[in-house]
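Remarks on the overall topology
Residue-level listing of the chains:
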Amino acid sequence: MTAPERGRRGGARSRTAGRPGPLAQAPVVAVVALGGGTGAAARHAASLWWPTPAGGFPWTTFWVNVVGCALIGVFMVAVTEVWSVHRLVRPFFGTGVLGGFTTFSTYAVDSRSLFADGRATTGLAYLAATPVAALTAVSLAAWATRRVLERRPS
């Protein structure tokens, strides 16, 4: 038998206290998977509707990431500051749908391809512009959402 771990304040606590068991996490895993598939399908549809031409700038991936980050800004303000939502809404939409929709792995592959094609200047611009635009989008969207909601009648 092992001794119980000590909590932050020195008191004994169970090794699993505060951590849900695997079965309790099953609904979260399921909604993240369902949302992720939905978001990835939407991203794939965007790449089919607006394909990047060979040797072209990867505008689809760029704008998917910017739009997805803006939606994350709106969504997080809405579900943390305005509405009380079911516990599975954030993992489904925030982590799942928007996590599957935004594609920073494709951003990395696109960057590598630009460098491999000898387009270092474009690759560096893309490497810098994507995170700057994505962070700006999430910040501006959260700010704008707060402003709109402040003007809303109670």
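As a starting point, this report considers the structure included with it.

Definitions and limits used
Residues numbered from 1 in each chain as written. Predicted model: local features only at pLDDT ≥ 70, side-chain atom pairs only at ≥ 80, totals over all residues. Heavy atoms only, no water. Salt bridge = Lys/Arg side-chain N within 4 Å of Asp/Glu carboxyl O. Helix = DSSP H or I, 4+ residues; strand = E, 2+ residues; numbered from the N terminus. Phe/Tyr/Trp six-rings, centres within 6.5 Å; stacked < 30°, edge-to-face > 60°. Buried < 20%, exposed > 50% of the residue type's maximum accessible area, 1.4 Å probe, protein only.

Looking at the pattern of salt bridges
Applying the stated criterion to the full structure yields two salt bridges. Two residues, Arg 146 and Glu 81, come together in a salt bridge whose shortest N-O distance is 2.7 Å. In this pair, Arg 146 is assigned in helix α5 (residues 120-150) and Glu 81 in helix α2 (residues 59-82), connecting sequence segments 65 residues apart.

Observations concerning the packing of aromatic side chains
Overall, the coordinates contain eight aromatic pairs when judged by the stated rule. Both rings, one in Phe 57 and one in Trp 59, keep their centres 4.4 Å apart while their planes meet at 45°; by these two values the pair is tilted. We classify Trp 59 as partly exposed; its relative accessible area is 40%. Relative to Tyr 107, the ring of Phe 104 has its centre 5.8 Å away and its plane inclined at 80°; by these criteria the two rings are edge-to-face. Of this pair, Phe 104 and Tyr 107 both sit in helix α4 (residues 104-116), three residues apart, which is roughly one turn of that helix. Classification of Phe 104 by relative accessible area gives partly exposed; the value is 35%. Among the aromatic residues, ring-to-ring pairing joins Phe 57, Trp 59, Phe 62, Trp 63, Phe 104, Tyr 107 and Tyr 126 into one connected group.

Bear in mind that shape data such as this cannot, by itself, settle questions of function.
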